[in-house]
Amino acid sequence: MSYQTGDGLHEGWDAAEFPDGRLSVGSQNGGAMVRFLGPGLDAGAGRGVLDGRTAIGWRSVCGCGWRGPLWQRVSDPSQHNPAAHRIYDPAPSAWGDAPDGVEHAIFREWRGHLPPESLADVRAAAEAVREAQARLDEAVKRARADGSSWAGIGDAAGITRQSAHERWGKR
């Protein structure tokens, strides 16, 4: 399962982890596509396809570099303890998929590492203001090139002639 924030800054997934530290990044040819993930690693480092049934567990991974705790796969049903992130999976997937309940818990952990949505709203609104300001600046430039006065521009922008000249006159 994979997930992404609306602003595109965070892309996460529940990754199978293997004994050598490689993490799944998808599935292919009946197995889990894996590679080493982390700063300073070659993008192709450790690429391959492994049998997902050999995974030692699962964790949430985000493109920003954040990683959640390991949900360790245990081989004995008596060791199953979701509160301790110990999971018995009686029918492991060759693709390395986490059991359903674990997938949902991993998603909640991933959501928990994100900044509040209100900050994403602020970021989106600030970007909209920057884009609108750039459009306004370009419109004023065209209006001046067409011979419009500072009074006319100020009136169209809802400000005084003097404010319009101070704002755009030196550009």
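The text that follows walks through the structure, step by step, so that each part is easy to find.

Here is what the cut-offs are and how they apply
- Residues numbered from 1 in each chain as written.
- Predicted model: local features only at pLDDT ≥ 70, side-chain atom pairs only at ≥ 80, totals over all residues.
- Heavy atoms only, no water.
- Buried < 20%, exposed > 50% of the residue type's maximum accessible area, 1.4 Å probe, protein only.
- Helix = DSSP H or I, 4+ residues; strand = E, 2+ residues; numbered from the N terminus.
- Pairing = 2+ DSSP bridges.
- Core = buried A, V, L, I, M, F, W, Y, C linked by side-chain atoms within 4.5 Å.
- Contact = heavy atoms within 4.5 Å.
- Phe/Tyr/Trp six-rings, centres within 6.5 Å; stacked < 30°, edge-to-face > 60°.

### Re the pairing of strand E6 (residues 57-62)
Alright, step 1. Counted residue by residue, E6 has six buried out of six residues, so it is predominantly covered.
Alright, step 2. Taking every second residue as pointing to the same face, both faces of E6 are buried, with Gly 57, Arg 59 and Val 61 on one and Trp 58, Ser 60 and Cys 62 on the other.
Alright, step 3. Pairing analysis gives six bridges linking strand E2 (residues 11-17) to E6, with the strands arranged antiparallel. Residue pairing for E6: Trp 13 is matched across the bridge by Val 61.
Alright, step 4. Looking at chain direction, E6 and strand E7 (residues 71-74) are connected through two bridges and run antiparallel.

### Description of the nonpolar core
Alright, step 1. Within the largest apolar cluster, 16 residues are counted, with the highest numbers of intra-cluster contacts made by Phe 18, Trp 58, Trp 71, Val 102 and Ile 106.
Alright, step 2. Broken down by secondary-structure element, the contributors of at least two residues to this core are strand E4 (31-35), E6 and helix H1 (100-112).
Alright, step 3. Tallying contributions element by element places H1 first for this core, with four residues.
Alright, step 4. Residue contacts for Ile 106: discarding those within four places in its chain leaves Tyr 3, Asp 14, Trp 58, Arg 59, Ser 60 and Trp 71.

### Some words on the packing of aromatic side chains
Alright, step 1. This structure, assessed with the given rule, holds three aromatic pairs.
Alright, step 2. For the ring pair Tyr 3 and Trp 110, a centre distance of 4.8 Å and an interplane angle of 45° mean the geometry is tilted. Taken together, the residues span a long stretch of sequence, with Tyr 3 in strand E1 (residues 2-4) and Trp 110 in helix H1 at a distance of 107 residues. Grouping residues by exposure puts Tyr 3 and Trp 110 together as buried.

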